[in-house]
Amino acid sequence: MKTIIACCLSATLLFSLDVLQVKAQIVSKIAHAFVLKDIINIYISEQDDLAQVKGMDSSLLYTSYEEADIAFIDKKRSSTESKNERYIFSTSYYLYQNDPHVIGTFFWQKGRPTILIKSSILKEKGIVLPDEFTKYEE
C-alpha cells in the first residue's frame, strides 16, 4: 500500500515538473520573439501561477515591472502606459480583451496552453514575429 502511494506521489511530482518546464519554455519563446536580446528583463506577477517558472531559463532575468522589457501580468496596472517599449502579456483572457495595452495573453485552459496575440497592435507597432507565432494572431 505504501509503495502504491509513493508511486502515485512520484508520478504527480514528475508531471508537475514537466508542466513547469513547458510553461518556462513557452514564456521564453514568447519573450525572445518580441524582444531581440540575448538576456531579456522580464516581469511576472508574484501572485500568478507563472511565477513558479522563475529561474528555469538563464536567458530571462526576472526584474521589476518598471525595468522589464516584457511583462506577464494577472491584473490591470495603473502604470501600463509608463513605458511604451515594454510588451505586456496578460495571464487572463479577461484582461487581454479589456486592456488596450495588452498585446497578448498566455494562460492554461482545460490542461492546455493558450496563446493569443492582437494582430492590430503588431501592425500598429510594426512588429514582425517568427512564422511559428502567426497561428496565435487574431
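Above this note sits the structure.
Residues numbered from 1 in each chain as written. Predicted model: local features only at pLDDT ≥ 70, side-chain atom pairs only at ≥ 80, totals over all residues. Heavy atoms only, no water.

(A) The pairing of strand β4 (residues 87-90), seen in detail. What you see with β4 is no split at all: Y87 and F89 on one side and I88 and S90 on the other are buried throughout. Here β4 pairs with strand β5 (residues 104-109) via two bridges, running parallel. Considered in β5, the bridge of F89 is made with G104. (Buried < 20%, exposed > 50% of the residue type's maximum accessible area, 1.4 Å probe, protein only. Helix = DSSP H or I, 4+ residues; strand = E, 2+ residues; numbered from the N terminus. Pairing = 2+ DSSP bridges.)

(B) The nonpolar core, seen in detail. Grouped together as the largest cluster of nonpolar side chains are 29 residues, with contacts concentrated most on I30, F34, I70 and F72. Not counting residues up to four positions away in its chain, the partners in contact with F34 are I70, Y87, F89, I103, I117, L122, I127 and L129. Y65, A71, L95 and L116 belong to the second-largest nonpolar core, a separate cluster that totals 10 residues. (Core = buried A, V, L, I, M, F, W, Y, C linked by side-chain atoms within 4.5 Å. Contact = heavy atoms within 4.5 Å.)

(C) The pattern of salt bridges, seen in detail. Here the structure, examined in full by the defined rule, presents two salt bridges. Between E132 and K29 there is a salt bridge; the shortest N-O distance is 3.6 Å. Here E132 is found in the segment after α3 (119-125), whereas its partner K29 is found in helix α1 (residues 2-34), with 103 residues between them in sequence. Taking the relative accessible area as the measure of exposure, E132 reaches 42% and is therefore partly exposed. When the shortest N-O distance is used, the salt bridge between D69 and K37 registers 2.8 Å. Here D69 is found in the loop between β2 (60-62) and β3 (70-73), whereas its partner K37 is found in the loop between α1 and β1 (40-44), with 32 residues between them in sequence. The exposure class assigned to D69 is buried, which follows from its relative accessible area of 14%. (Salt bridge = Lys/Arg side-chain N within 4 Å of Asp/Glu carboxyl O.)

(D) Layout of the sheet that holds β2. As summarised here, the arrangement of the six strands in space is β2-β1-β3-β4-β5-β6, forming an open sheet in which the pairing is mixed. Edge strands, defined here as strands with exactly one partner in the open sheet, are β2 and β6 (112-117). With strand direction ignored, the average angle separating the axes of adjacent strands in the sheet is 25°. (Axes fitted to C-alpha atoms, helices over the stretch in contact; angles between N-to-C directions.)

(E) View of the pairing of β3. The alternating pattern of β3 places I70 and F72 and A71 and I73 on opposite faces, both of which are buried. Note: β1 against β3, three bridges, orientation parallel. Each residue of the ladder has a partner; that of I42, found in β3, is I70. Across four bridges, β3 lies against β4 in parallel orientation. The residue of β4 that forms the bridge with I73 is S90.

(F) Seen up close, the side chain of T114. Tracing the sequence through the fold places T114 in strand β6. The contact partners of T114, leaving out residues within four places of it in the chain, are T105, F106, F107 and Q109.

(G) Highlighting the packing of aromatic side chains. Summed over all chains, the structure comprises seven aromatic pairs. Ring geometry for F34 versus Y87: centroids 5.3 Å apart, planes at 50°, classification tilted. Taken together, the positions of F34 in helix α1 and Y87 in strand β4 put the pair 53 residues apart, joining distant regions of the chain. Side by side, F34 and Y87 carry an identical accessibility label, which is buried. For the pair Y93 and Y96, a centre-to-centre distance of 5.9 Å together with 35° between the ring planes defines the contact as tilted. One end of the pair is Y93 and the other is Y96, both in helix α2 (residues 93-98) and three residues apart, which spans about a single turn. Given a relative accessible area of 2%, Y96 falls into the buried group. Among the aromatic residues, those joined into a cluster by ring pairs are F34, F72, Y87 and F89. The positively charged end of R86 is found above the aromatic ring belonging to Y65, 4.1 Å away from the centroid. Above the face of the Y96 ring, K118 is positioned so that its terminal group lies 5.2 Å from the ring centre. (Phe/Tyr/Trp six-rings, centres within 6.5 Å; stacked < 30°, edge-to-face > 60°. Lys NZ or Arg CZ within 6 Å of the ring centre and 35° of its normal.)

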